[in-house]
Amino acid sequence: MAIFFAKSRSLMHLLKSNKGFWSGIDQNILSSHFPHHTGSSSHPIHKTFRNPDAVSNVDSTLFDSRRFGSTVAGGKQLDSLRNVSGDDAQVLNFPGGKVKFTSEMTFLSELYSTERIPCYRVLDDDGRPINYHNFLQISKEVATKMYSDMVILQIMDTIFYEAQRQGRISFYLTTIGEEAINIASAAALNIDDFIFPQYREPGVLLWRGFTLQEFANQCFGNKADYGKGRQMPIHYGSKKHNYFTVSSTIATQISHAVGAAYSLKMDRRDACTVTYFGDGGTSEGDFHAALNFAAVMEVPVVFICRNNGWAISTPVSDQFRSDGIAVRGQAYGIRSIRVDGNDALAIFSAVEAARRMAINEHKPILIEALTYRAGHHSTSDDSTKYRPADEIEWWRIAQDPVSRFRKWLERNGWWSDEAESKHRTDFRQQILDAIQVAEKVEKPPIAEIFTDVYDVPPSNLREQERLLRETIERHPQDYPPNVPV
């Protein structure tokens, strides 16, 4: 969002310093809508901002005419407002559009219709296509890599979870049951698209080339960790892979993604931002502010909600009364779809289409991926305390997205038992090796706790560092010996 405000200030400064700006805009062009803009211009907006003399030539379609339509009280517009004759006698053109009048006092029901919003699906529970023409066809190479990474994600989750239980790392959080959302969505995106994750999307990084060693380094917080050991385990981030660092605070990344998308739009980049969040995140104010901002400013962002049924221990039935999340997108004027989150082909097809629409039409898109969190919320949680163990087991086995996708691959002749066995054995060993290496790497020095924020550390920060060093010297037995002081 900081990117957006920085560019907004630059824009306003230029508008104020160029009094002839509005006179240089063709009013006929101004009346057109931005979504229909093709993106071609002899004056790219990012170049114009660096050249104040060219401001009067800014492509006016960058601005949405609907924000200016009600500010001019010209004769024709007033005639339009007062058009209450003939067939339109019960219609008035309010700011925002025409509204029909009715003599019936009817309140909108708090209940959705008898039929809930349908859920887009490609593969049935047995991995068979329901309709051979309702999804994007993918090659053997892409399909096998998708499955390969889904399996790696499963293995990684199992081993790192066990490592936490052994006391080797402090925390971990799995993606069990949500592997398809992770990998299939990542496969449908471009490396130039910016990812704003929650914390249950390591598969997106895996797809983009983040190595097993890099995952291990972060979880163990060693000297090779890009976060310098400051973050909790699973709070990954990689500038190289356009993957913004995970933040524990819920839903803050949603508004950040919208602000960044606005910047991409202004720079006319052939890319979008993608942000992931859970159903619990939609109960935060950030979600609502972000959707409204994205809709009004018409920015290229794809919202992906992993509706897995639980916000830690709070079921969706205790979170909201609406028909899930997709209906909320529609309420904010955002094109939305509900997808089977356990169906890799459905996720791939939906995300690819969403990305294309977001970039080509300059519109936000909301995807609600219905799934089930088949694991505990984290290593700090025991979900059997608030939901039946047999329910968890049913979802884990009967609705496993990895098994369903494997069945489809095998029917195509692209996978076999032999390939499965070798793949699981090889990567299990690679992950174990990565953990052993990460454990032996030295921890970042204590001084790194106080760096990378201020150019010159203020006095209060220097005082904190001094007190910490004194405390470690007095009580060395309470601090890990492998952390350089």
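Quick note: structure is the one above.
Source: prediction; values computed, not measured. (Residues numbered from 1 in each chain as written. Predicted model: local features only at pLDDT ≥ 70, side-chain atom pairs only at ≥ 80, totals over all residues. Heavy atoms only, no water.)

A. Examining the pairing of strand S5 (residues 301-307) more closely. Within S5, seven of the seven residues are buried, leaving the element largely enclosed by the surrounding structure. Residues Val301, Phe303, Cys305 and Asn307 of S5 are buried on one face, and the alternating residues Val302, Ile304 and Arg306, pointing to the opposite face, are buried as well. Both strand S4 (residues 273-278) and S5 contribute to a ladder of six bridges, which runs parallel. The residue of S5 that forms the bridge with Val274 is Val302. Taken together, S4, helix H10 (residues 285-297) and S5 constitute a β-α-β crossover, and its handedness is right-handed. (Buried < 20%, exposed > 50% of the residue type's maximum accessible area, 1.4 Å probe, protein only. Helix = DSSP H or I, 4+ residues; strand = E, 2+ residues; numbered from the N terminus. Pairing = 2+ DSSP bridges. Right-handed = clockwise from strand over helix to strand, strands pointing away.)

B. Local environment of the pairing of strand S2 (residues 97-100). In this sheet, S2 lies alongside strand S1 (residues 91-94) in antiparallel orientation, the contact comprising four bridges. When the bridges of S2 are listed, Leu92 appears paired with Val99. The antiparallel pairing of S1 with S2 creates a hairpin that spans two residues between the two strands, and Gly96 there sits at a positive phi of about 110 degrees.

C. Local environment of the packing of aromatic side chains. Overall, the coordinates contain 16 aromatic pairs when judged by the stated rule. A ring pair is formed by Phe215 and Tyr236, whose centres lie 4.9 Å apart and whose planes are at 90 degrees; its orientation type is edge-to-face. Here Phe215, found in helix H8 (residues 212-220), pairs with Tyr236, found in the loop between H8 and helix H9 (252-266); they are 21 residues apart in sequence, far enough to count as distant. For Phe215, a relative accessible area of 0% translates into the label buried. Accessibility expressed as a relative area gives 2% for Tyr236, which makes it buried. The ring of Trp207 carries Lys145 above its face, with NZ or CZ at 4.5 Å from the centroid. (Phe/Tyr/Trp six-rings, centres within 6.5 Å; stacked < 30°, edge-to-face > 60°. Lys NZ or Arg CZ within 6 Å of the ring centre and 35° of its normal.)

D. Layout of the sheet that holds strand S8 (residues 335-340). One open sheet holds the five strands; their spatial order is S3-S4-S5-S9-S8, and the pairing between them is parallel. With partners counted over all chains shown, the strands left at the sheet margins are strand S3 (194-196) and S8, one partner each. In this sheet, adjacent strand axes meet at a mean angle of 20 degrees when their direction is disregarded. Note that S8 and strand S9 (residues 365-370) share six bridges and pair parallel. If you follow Arg335 over to S9, its bridge partner there is Ile365. (Axes fitted to C-alpha atoms, helices over the stretch in contact; angles between N-to-C directions.)

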